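Understanding the architecture of this molecule
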Amino acid sequence: MTIRIFIPRDAAAVACGADDIARAIAAAAKKAKLKADIVRNGSRGMLWLEPLMEVEDNGVRYAFGPMTEADASKIVASLAKTPASKIKHALALGPTEQIPFFKKQTRLTFARCGITDPVSLADYKAHGGYKGLERALAIKPIEIVEEVTKSGLRGRGGAGFPTGIKWKTVHDTPMGQQKYIVCNADEGDSGTFADRMIMEGDPYVLVEGMTIAGIAVGATKGYIYLRSEYPHAEIALNEAIRNARAAGLLGPKVAGSAHAFDLEVRMGAGAYVCGEETSLLESLEGKRGLVRAKPPLPAHKGLFGQPTVINNVLSLAAVPYILSEGAKAYYDYGMGRSRGTMPIQLAGNIKHGGLFETAFGISLGELVDDIGGGTHSGRPVKAVQVGGPLGAYFPRSHFDTPFDYEAFAARDGLIGHAGVVVFDDTANMAKQARFAFHFCAAESCGKCTPCRIGAVRGRETMDKIIAGQNTEANLAVVEDLCNTMKFGSLCALGGFTPYPVSSALNHFPEDFGRPAQKLPAAAE
Amino acid sequence: MTAFEPWSEERTSSIVAAHTHLEGPLMPILHAIQEAFGFVPEAAIPVIARDLNLSRAEVHGVVTFYHDFRREPAGRKIIKVCRAEACQSMGCESLVKHAEDRLGIECGGTTADGRVTFETIYCLGLCATAPSAMVDGKIIGRLDTAKLDKILSETGA
Ligand SMILES: Cc1cc2nc3c(=O)[nH]c(=O)nc-3n(C[C@H](O)[C@H](O)[C@H](O)COP(=O)(O)O)c2cc1C
Ligand code: SF4
Ligand code: FES
Ligand code: FES
């Protein structure tokens, strides 16, 4: 009997040695005369356990991790005599799906990630893949748009704009002209990797989502704009696109229908601002990534001036579920105006870092303390930055904030692309504020003055504050710069840099040479 | 590391020609040029501009806008360390300092002997296994001083 052994091809697993372990597994199996089928799956998302090896036994997968070559060889050798379920080893973790971090999740978008062979179309279909497209082809394009609208899906790239409304705008532009679907796979926010994981671990769900979008709005061509820091995702996507095309699921007659749709992956070149949608379109056109003024909206005049849907990877990857299971099934998860699930990424100085997909509404404290297990260093949590480099730093007193667009906004924060970066008490928040300006200065597209000049001045002024020079006067300069940038910038790079700066200053004044904040008793 | 071809106008033109069927071909062309020559030579710019019917200024503007495109050859080994927030929370700055001390250059430079280019990168999407690095295109997670020393030793630094 052939034993199935899984070792991820996910970049985080590979960065921790998964390729070497895959070779060790193959060598050990050969030596033990064990018939093994080694599957390079996506990651299960429990990244502190990567490289995570799984061995199937009677249909149940048993986890072992984090693997070293020596441990993997030893475990595989013992499989010749002992079934995976009976193996005693310090790194044996029991059935993968019983691990609390995994068990507590609601995986809709990531349902298949880590389970299937990411580039096997047969595997994708065997696990419910392409059911969404089947349904989409059975209804009218406008009904697809309505389904997405009713699901409550909001853009997962950061701004949280309702996806259905965006699609409706493009749907309503006259037919008979070239329209485009553009997938924003620039994922530049520190602390985020959900786009990467789904593209490497289940690329077909994105291909299917984009195909459905194309049919819904009458677009025949799609582009995935992928950041150049993601070479593994590029390989997986191109393999999936080739296979889908060979199976007639992309091309002039999608699944034998009258709809044409095809896809191409395009690489970015290391510019954070190209994640901003209009900068991205400029880049795709072969220009400098200068942000465009809006209007016109990309929905009216997007790529090459044509009507364009531009959505984040996770927005598009949520669509197959919404079509196959129905808008209500998706809408029933979540809270308030934040419907469905969010693949939250726990990162930085955290014990149990990884991808945790769950319905909106979970509190920040539960995420960091219970699911994440606190810091990696074992020291107290000082601050968490949610939403990438433009997101606010929250202190522990904000840990009761539910994961919800409006709840974060009410506390002068944002959930953005749902990256949560944890810092322990060795972090200096004045240095973090300085970095926010530095990053903005390094990545500004240069189109408007508040951002281009303000960020540089902000960094210089923070240097003085850190050196203890004229603290109060310089803090006034910083506060003033924040206001100018917030209200005078064309896009959110300049406009939101004040979030990390002001939140660091307001919540951790002692790091800036101001007296510590007196917390109202109720806030602790 | 990979060996690069010497620059030639002919080769540049053939790279451009291989991409002109694409919509918006300039970015894929620049990536292909850099893959072939290791950087985007100044001399390539007028050739690309001519073949694509663009102005030199336009092509120049694009090359200089993006962090990835090099205007000069890099060192024989390229070490990029992530210095974004998640990696900061796991101590990347002390690793950067360590590498700077050993290489005798500041981050962003190339050693005088051309052995190593040492650069900043912002986020490799490996933020739960931080700190992270990319060495000649190969990604590395859970970077620590021991791993870094091994990489630096391989360069002869
Ligand atoms: C500086 C900046 C960087 C951005 N980076 C990204 C990104 O990497 N990925 C992304 O999907 N959206 C990013 N956005 C948001 C996009 O502009 C846009 O809102 C999004 O692609 C729309 O897709 P959605 O509605 O599906 O979220 C960024 C915005 C700004 C201002
Ligand atoms: S805010 Fe900054 S990045 Fe955005 S358009 Fe202005 S200069 Fe460009
Ligand atoms: S130019 Fe953009 S705000 Fe002045
Ligand atoms: S912040 Fe370093 S890999 Fe994401």
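Higher on the page you've got the structure.
What comes next is a walk through the structure.

Quick notes on the rules
Residues numbered from 1 in each chain as written. Chains lettered and ligands numbered in written order. Predicted model: local features only at pLDDT ≥ 70, side-chain atom pairs only at ≥ 80, totals over all residues. Heavy atoms only, no water. Helix = DSSP H or I, 4+ residues; strand = E, 2+ residues; numbered from the N terminus. Buried < 20%, exposed > 50% of the residue type's maximum accessible area, 1.4 Å probe, protein only. Contact = heavy atoms within 4.5 Å. Arc of directions from axis to C-beta. Phe/Tyr/Trp six-rings, centres within 6.5 Å; stacked < 30°, edge-to-face > 60°. Lys NZ or Arg CZ within 6 Å of the ring centre and 35° of its normal. Buried area = accessible area lost by both parts, 1.4 Å probe. Salt bridge = Lys/Arg side-chain N within 4 Å of Asp/Glu carboxyl O. Polar contact = N/O pair within 3.5 Å; in protein donor to acceptor, adjacent residues only side chain to side chain. Near = heavy atom within 4 Å. Nonpolar A, V, L, I, M, F, W, Y, C, P; charged D, E, K, R; others polar. Lys, Arg positive; Asp, Glu negative; His and termini not counted. Axes fitted to C-alpha atoms, helices over the stretch in contact; angles between N-to-C directions. Parallel < 35°, antiparallel > 145°, perpendicular 65-115°, else oblique. Left-handed = near helix turned anticlockwise from the far one by under 90°. Pairing = 2+ DSSP bridges. Areas by Shrake-Rupley, 256 points an atom, 1.4 Å probe, with all protein chains shown as cover.

**Examining the overall build of chain B**
When helices and strands are tallied, chain B shows seven helices and five strands. Ordered by position from the N terminus, the helices and strands of chain B form the series α-α-α-α-β-α-α-β-β-β-β-α. Dimensions of chain B, computed from C-alpha atoms along their principal axes, come out at roughly 50 × 30 × 25 Å. The buried share of chain B, reckoned over its 157 residues, is 55%. At a minimum sequence separation of 6, the contacts of chain B that also span at least 24 residues come to 61%.

**Some points on helix 6 (residues 131-138) of chain A**
Residues and elements named next belong to chain A. What helix 6 keeps buried is the set Gly132, Leu133 and Ala136. When helix 6 is viewed along its axis, its buried side chains cluster within an angular range of 95° and face the same direction. Opposite the buried face of helix 6, at more than 90 degrees from it, the exposed residues are Glu134 and Ala138. Where the residues of helix 6 are buried, they touch helix 7 (141-150), helix 10 (203-217) and helix 13 (313-325).

**Concerning the packing of aromatic side chains**
Applying the stated rule across the entire model yields 18 aromatic pairs over all chains. Summarising the aromatic geometry, the rings of phenylalanine 435 of chain A and tyrosine 122 of chain B are spaced 5.8 Å apart at their centres and angled 70° between planes, so their arrangement reads as edge-to-face. One end of the pair, phenylalanine 435 of chain A, is in helix 17 (residues 429-443); the other, tyrosine 122 of chain B, is in the loop between strand 3 (116-121) and strand 4 (133-135), on a second chain. Using a relative accessible area of 9% as the deciding quantity, one classes phenylalanine 435 of chain A as buried. A relative accessible area of 16% means that tyrosine 122 of chain B is categorised as buried. Put simply, the rings of Tyr272, Phe435 and Phe439 of chain A together with Tyr122 of chain B pair up and form one aromatic cluster. Stacked on the ring of phenylalanine 102 of chain A, the Lys or Arg arginine 44 of chain A has its end atom at 5.1 Å from the ring centre. Looking at arginine 227 of chain A, its charged tip hangs above the ring of tyrosine 230 of chain A, at a distance of 4.9 Å from the centre.

**Quick word on the interface of chain A and chain B**
Contacts between the two partners involve 64 residues from chain A and, on the opposite side, 35 residues from chain B. When the two sides are added together, the surface that chain A and chain B hide from each other amounts to roughly 3,500 Å², 58% of it contributed by carbon and sulfur. At the surface where chain A touches chain B, the tally comes to zero salt bridges. In this structure, the connection of chain A to chain B is made through 27 residue pairs in polar contact (both at pLDDT 80 or more). Elements that contribute at least two residues to the side of chain A that touches chain B include exactly helix 1 (11-15), strand 7 (221-226), helix 11 (231-246), strand 8 (262-267), helix 12 (277-284), strand 12 (341-348), strand 16 (419-424) and helix 17 of chain A. Broken down by element, the residue count for the side of chain A that touches chain B peaks at six residues, all from helix 17 of chain A.

**Examining the site of ligand 2**
With respect to spatial proximity, 13 residues lie near ligand 2, and among them Cys445, Lys447, Cys448, Cys451 and Cys491 of chain A are the closest. Of the residues belonging to the shell around ligand 2, the class tally is eight nonpolar, four polar and one charged.

**Side note on the side chain of glutamate 357 of chain A**
Residue and element names in this part refer to chain A. Tracing the backbone shows glutamate 357 in strand 13 (residues 354-359). Lacking a salt bridge, the buried glutamate 357 has arginine 107 as its closest oppositely charged neighbour, with an N-O distance of 5.4 Å. At 2.9 Å, the side chain of glutamate 357 and the backbone nitrogen of leucine 108 are in polar contact. At 2.9 Å, the side chain of glutamate 357 forms a polar contact with the backbone nitrogen of phenylalanine 110.

**Here we look at unusual backbone geometry**
With an omega of 0°, the peptide bond running from glutamate 50 of chain A to proline 51 of chain A counts as cis. For proline 51 of chain A, the position within the fold is in the loop between strand 2 (36-39) and strand 3 (53-57). Going from glycine 65 of chain A to proline 66 of chain A, the amide bond is cis rather than trans, its omega being -5°. Its identity as a non-glycine residue notwithstanding, tyrosine 130 of chain A has a phi of 70°, on the positive side. Along the polypeptide, tyrosine 130 of chain A turns up in the loop between helix 5 (121-126) and helix 6. Notably, arginine 142 of chain B is not glycine yet its phi reads approximately 45°, a positive angle. With respect to the secondary-structure elements, arginine 142 of chain B resides in the loop between strand 5 (138-140) and helix 7 (145-154). Its relative accessible area of 28% is what places arginine 142 of chain B among the partly exposed residues.

**Some remarks on the packing of helix 18 (residues 449-466) of chain A against helix 19 (residues 471-488) of chain A**
Residues and elements named next belong to chain A. Between helix 18 and helix 19, the shortest axis-to-axis distance is 9 Å and the interhelical angle comes to 160°. As judged from the angle between their axes, helix 18 and helix 19 are roughly antiparallel. Considering only the axes of helix 18 and helix 19, their crossing is left-handed. Counted together, Pro450, Cys451, Gly454, Ala455, Arg457, Gly458, Thr461, Met462, Lys464 and Ile465 of helix 18 and Thr471, Asn474, Leu475, Val477, Val478, Leu481, Thr484, Met485 and Gly488 of helix 19 form the full contact between these two elements. Of the residues assigned to the contact of helix 18 with helix 19, the class counts are 10 nonpolar, seven polar and two charged.

**Some remarks on the pattern of salt bridges**
All names here are of chain A. Counted under the stated rule, the structure contains 42 salt bridges over all chains. For lysine 382, the salt bridge is made with aspartate 511, and the minimal N-O distance between the two is 2.7 Å. In this pair, lysine 382 is assigned in strand 14 (residues 381-386) and aspartate 511 in the segment after helix 21 (498-507), connecting sequence segments 129 residues apart. For the pair shown, lysine 382 and aspartate 511 are each scored as buried. Notably, a salt bridge pairs aspartate 463 with arginine 434, separated by 2.6 Å at the nearest N-O pair.

**Considerations on the sheet that holds strand 12 of chain A**
Strand pairing in a sheet relies on backbone hydrogen bonds, with the paired strands running either antiparallel or parallel. Residue and element names in this part refer to chain A. What the five strands build is an open sheet, ordered 13-12-16-14-15; its pairing is mixed. In the strand order of this sheet, the two ends are held by strand 13 and strand 15 (393-395), each with one partner. Mean inter-strand twist for the sheet, computed between neighbouring axes without regard to direction, equals 30°.

**Overview of the site of ligand 1**
Residue and element names in this part refer to chain A. In the vicinity of ligand 1 lie 18 residues, with Gly157, Asn184, Asn311, Asn312 and Ser315 positioned nearest. In the environment of ligand 1, an oxygen atom lies 3.3 Å from a nitrogen or oxygen atom belonging to the backbone of arginine 156. Taking asparagine 312, its side chain carries an N or O atom lying 2.8 Å from an oxygen atom of ligand 1. For ligand 1, whose unbound accessible area comes to 610 Å², protein coverage reaches 91%. Mapped by element, the contributors of at least two residues to the shell around ligand 1 are strand 9 (308-312) and helix 20 (492-496). If you tally residues by element for the shell around ligand 1, the top one is strand 9, at three residues.

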